Every structure is written in C-alpha cells, then in structure tokens.
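What follows is each chain in one-letter form.
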Amino acid sequence: MKHIGVLTSGGDAPGMNAAIRAVVRAGSHAGLTVFGIERGYQGLIDGALRELGPRDVGGIIRQGGTFLHSARCKAFYDAEGRAQAARQLAAHGIEGLVVIGGDGSYRGAQALHDEHGIRCIGLPGTIDNDIGGTDYTIGFDTAMNTAMEAIDRLRDTAFSHDRIFFLEVMGRHSGYIAMIAGIAGGSEDILTPEEPTNIDSVIRTIRDGRDRGKQSMIIVVAEGDDAGNAFDIAKAVAEQSEFKDTRVTVLGHLQRGGSPTAFDRVLASRMGIRAVEALAAGETGQMVGISGTRLVLRPLAEAWENRTVFDPELLKVAQILGS
Ligand code: F6P
C-alpha cells in the first residue's frame, strides 16, 4: 500500500483536526502518500482530493472544526454513489481510507469495504460519545466542558434571580453530554433519551428542592429527550405546576465548536497514528477505540451494535448529588 486517504464525515467535532494531522504525519513517517478528501463522502464522489504533507497540517491541532470540511452525504446511501467513490479512489491509487466520524460514517466505510474491497479504518469523531467499541469519542471532552461552563454561567444569573432554568444540550440519541456536564455542573436534574422522563417527577424534584431551601435550580435536558425538548418540558412543567416563570437556554451548535481540550488533542493524535499503523498492517473493517487507557481495534459494526450505555453508578451520582 502506497497511498491512503483521510476524510471527516457527519457532524464535526473538536479534535478532528488533530486526528487528520496525526494521520498525515504518521502516514508520511511510514513512507505513504496521504490524500485529504474534502466534505466527507461527498468530496470523495466529486473527486475533491488533494495530497497533504506534514507542513500542510501545521498549527491545526489547536483548531476546532475540520479543515477538510464535513458533510452528511445522501448520495453515499446508494450503491452507485459508492461505486463512483471507489472509482475516484482507484484513480488516485488509494487503497486504504481513514474515516473520522460517527456510526453513520462507519456504515458507509463498511459498505465501501464489503462492496469494493477498500481497506477502511474508522476513528470515532463525534461530540455525542455514543459509539460502541470505545470509552470516549474525539470531541466529547471539549463539548462536555463547554456545556459545563454554560451551566456555571447560568448558575450565576439563576442564583441572582432565584430562577429555575432548563438548559438544553446536544444529543439527539444520546444523553452523555447532559449526564456528564450535568454532574460536573451540579445540576438539580438531568433528563436524557436513555431514561424515560416523567413530568410529575421533574415537578417533584423542583418542589423538593424548594422545600429544602433551594431558590434557584438548573435542569439539564438532552435535545433528544423522550418528553420533548427543553421548551416542551418547561411548558409541561408550567401547565402542571406552580412553576410558571422558568427560563430556557438552548446551547445548540456552540457545543460543536472551540479549541479542543488537551484530552481530545491527545486522544485524536494517538488514534490517528494507530489508524495508519492498522492500515499498514493490512487491517480493515475496524475502528480504533480506547478502553481504559489503551487503544484497541474493534470491528466497525460494534459502533452501532454495541452502543455506549450509562454506567448505573453515574445515574446514582446524579441522583444523590442533585438533591
Ligand atoms: O451527532 C452530533 C450532533 O451534534 C448531535 O448531537 C446533534 O443532534 C446533531 O449532530 C445535529 O446535527 P446538525 O449539525 O446536522 O444539525
């Protein structure tokens, strides 16, 4: 194998640039030519590829986003889109691909591997931390710290006005950011898609808090909560209780930006090197994960078949300390 490609796909995540940098420099170190592919699978189909050397990735370790751009590509769901992508790879002599993204991006990599024999290695890049086969995804630590800082800031104004806030954080299918940022920010309740939300119990939590002398409270809501978004939940609480005058803050895409934390930079750097080593060793259809402190290779399908679940201990911590 002489040529490899690297792309970022799906929602961007802080640390993706650090991963690209590591792939490019490890590839160069191993004597490989590395092509950067723009806008994920869409750029692959369109032939938006360019050779990258170590100097091309200088200074990007501290930048959020992805300098290769990212996209969610509909055309890649079709066999013809994937065939066109395989033709582009062949035209550039690329035999191995590093895909940085979430489980949807991995499904694309798996199809490219199964249908066209392209060697693919996945790196978990998403703020959601919802990928099986790894304890942490690239970008989660940064996003979680952004959400925690938001809780801290809200706490100041909530305290001053004796108010109840509902803070919505990202996570369409995953409550991981909500759970960890909520615990770190000392929130009074954490509502996630993984745990059924009961409005009566939210009201009880607020009432109990007031009875125990809490004047202000922050309830963290993951955007994909089963009871609705933060506005829906605040409205339901107002309709069904005496807590009519609450405030809602939606953090949204703020959580996807910003300079990556040291944890994300180092994780991405280690994983990027491991991905190149795996390709050079002939591995394919695998993702790089982290288990404890060690990097591991796992089948791509683990990403969606074995999705991350909360450790029950975390739920206990949230419940005891939020009271
Ligand atoms: O998968 C990462 C994520 O940020 C989710 O938490 C969120 O629901 C989704 O992407 C938002 O996607 P988009 O940027 O396409 O609106």
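Residues numbered from 1 in each chain as written. Predicted model: local features only at pLDDT ≥ 70, side-chain atom pairs only at ≥ 80, totals over all residues. Heavy atoms only, no water.

**Remarks on the site of the ligand**
And then number 1: The environment of the ligand is made up of Arg72, Thr126, Ile127, Asp128, Met170, Gly171, Arg172, Glu223, His253 and Arg256.
And then number 2: Here Asp128 contributes a side-chain N or O atom positioned 2.7 Å from an oxygen atom of the ligand.
And then number 3: Note that an oxygen atom of the ligand is positioned 3.2 Å from one of the backbone N or O atoms of Gly171.
And then number 4: Within the complex, the protein chains bury 78% of what would otherwise be the 400 Å² of accessible surface of the ligand.
And then number 5: Applying the majority rule of atoms within 2 Å of the grid points places the ligand in the largest pocket.
And then number 6: Counting contributing residues, the shell around the ligand receives three or more from each of domain 1 (3–139 + 260–305) and domain 2 (141–257). (Near = heavy atom within 4 Å. Polar contact = N/O pair within 3.5 Å; in protein donor to acceptor, adjacent residues only side chain to side chain. Areas by Shrake-Rupley, 256 points an atom, 1.4 Å probe, with all protein chains shown as cover. 1 Å grid on protein atoms, 1.4 Å probe; cavity = no way out; pocket = protein on both sides within 12 Å on 5 of 7 lines; lining within 4 Å. Sits in = over half its atoms within 2 Å of the grid points. Domains from an automatic or database assignment.)

**Quick notes on the domain arrangement of the chain**
And then number 1: Domains assigned within the chain are domain 1 (3–139 + 260–305) and domain 2 (141–257).
And then number 2: Once you take the C-alpha centre of each, domain 1 and domain 2 turn out to be 34 Å apart.
And then number 3: Facing 13 residues of domain 1, the contacting portion of domain 2 comprises 13 residues.
And then number 4: For the domain 1 face of the interface with domain 2, the top three residues by lost area are Ile127, Asp128 and Thr261, together amounting to 40%.
And then number 5: The interface formed by domain 1 and domain 2 contains one salt bridge.
And then number 6: Residue Asp12 pairs with Arg256 through a salt bridge whose shortest N-O separation is 2.6 Å.
And then number 7: Run the count over domain 1 and domain 2 and you get nine residue pairs in polar contact (both at pLDDT 80 or more).
And then number 8: When the residues that make up the side of domain 1 that touches domain 2 are grouped by side-chain class, the tally is four nonpolar, four polar and five charged. (Contact = heavy atoms within 4.5 Å. Buried area = accessible area lost by both parts, 1.4 Å probe. Salt bridge = Lys/Arg side-chain N within 4 Å of Asp/Glu carboxyl O. Nonpolar A, V, L, I, M, F, W, Y, C, P; charged D, E, K, R; others polar.)

**A short note on the environment of Ala85**
And then number 1: Position of Ala85 relative to the elements: it lies in helix α3 (residues 79–91).
And then number 2: Sequence spacing of Ala85 and Gln42 is 43 residues, and the spatial spacing of their C-alpha atoms is 8.6 Å.
And then number 3: Residues in contact with Ala85, not counting those within four places in the same chain, are Leu44, Ile45, Phe76 and Leu112. (Helix = DSSP H or I, 4+ residues; strand = E, 2+ residues; numbered from the N terminus.)

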